[in-house]
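Listed here are the chains, written in short residue letters.
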Amino acid sequence: MRSILSMTFLVATIFGCSTGQKKQPILFDISSLPCDMAKQQDIATLCGFSVVDIIFQTVTNTSQQKVCTYYKNAMPKPLPLINLTVEPNRDSSVTSDALFEGLLKNGIPGMDGISKFTKFPDERFKAVKSDSNKLYNQIYVEVEKQGLLIIEYDKSLIKDKDTKDFETKLIELYLYGGPQL
């Protein structure tokens, strides 16, 4: 009898752990500057650089859009690696469903053709992604109806890395990593 109870408990525990993920609290602060939304050391480590090789600059900071660009510190000119755009929602009842539907159906026209989007494979995030541009990949993430987070990164950052794993870690840095101090 005791072994049956132990086995039942073990199966229930395994099943319970495999079907439910502990939800991590989002530390993303829509009012922060995008360059402060993740620790520079964490970004450098993920990209495979030392912290002194990554520099960043706030490009735009308005009530409708905030933009930060991370660069590889290179001579004679720094190379853009990650462009982070944050667009706050003014109305908390608005979702990005229509935007994501449009991106999935039509993509975004550009100089090199149309960027085609697919649903992001990690179910924890309401997101779509595109890897159809020659130079960079794009990820659009809805952040709990607070706003839209757009991450564009240079494809050279995923050389010899699993794309899904890299993109998941990149999103996690901005949502769960906490602000740079």
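Criteria and cut-off values
- Residues numbered from 1 in each chain as written.
- Predicted model: local features only at pLDDT ≥ 70, side-chain atom pairs only at ≥ 80, totals over all residues.
- Heavy atoms only, no water.
- Helix = DSSP H or I, 4+ residues; strand = E, 2+ residues; numbered from the N terminus.
- Contact = heavy atoms within 4.5 Å.
- Areas by Shrake-Rupley, 256 points an atom, 1.4 Å probe, with all protein chains shown as cover.
- Buried < 20%, exposed > 50% of the residue type's maximum accessible area, 1.4 Å probe, protein only.
- Polar contact = N/O pair within 3.5 Å; in protein donor to acceptor, adjacent residues only side chain to side chain.
- Pairing = 2+ DSSP bridges.
- Axes fitted to C-alpha atoms, helices over the stretch in contact; angles between N-to-C directions.
- 1 Å grid on protein atoms, 1.4 Å probe; cavity = no way out; pocket = protein on both sides within 12 Å on 5 of 7 lines; lining within 4 Å.
- Points joined across faces, edges and corners; volume = space filled by probe spheres on them.
- Nonpolar A, V, L, I, M, F, W, Y, C, P; charged D, E, K, R; others polar.

Attention now goes to the overall build of the protein chain. Looking only at helices and strands, one finds 4 helices and 9 strands in the protein chain. Along the chain direction, N to C, the helices and strands of the protein chain fall in the order α-α-β-β-β-α-β-β-β-β-β-β-α. A separation threshold of at least 6 residues defines the contact pool for the protein chain, and within that pool the share at least 24 residues apart is 50%. Surface exposure of the protein chain reaches about 10900 Å², of which carbon and sulfur atoms provide 58%.

In this section: the environment of E123. Positionally, E123 belongs in the loop between β6 (118–119) and β7 (126–130). Its relative accessible area of 63% is what places E123 among the exposed residues. Here K119 takes part through its side chain, which lies 3.4 Å from a polar atom of the side chain of E123.

The 7 strands are arranged β1-β2-β3-β9-β8-β7-β6 in an open sheet whose pairing can be described as antiparallel. Two strands in the sheet have a free side with no partner beyond their single neighbour: β1 (54–61) and β6. On top of the sheet, helix α2 (residues 40–47) reaches β1, β2 (66–72) and β3 (79–88); it is set at about 120° to β1, its chief contact. Sitting on the sheet, helix α4 (residues 163–176) touches β2, β3, β7, β8 (136–143) and β9 (147–154), and the angle it makes with β9 is about 135°.

Computed from the structure, the second largest pocket encloses a volume of approximately 200 Å³. If you go around the second largest pocket, you meet 13 residues; those closest to its centre are G110, M111, S115, N133 and Y136. Those elements giving two or more residues to the lining of the second largest pocket turn out to be β4 (108–110), β5 (113–115) and β8. The residue makeup of the lining of the second largest pocket, split by class, is 6 nonpolar, 6 polar and 1 charged.

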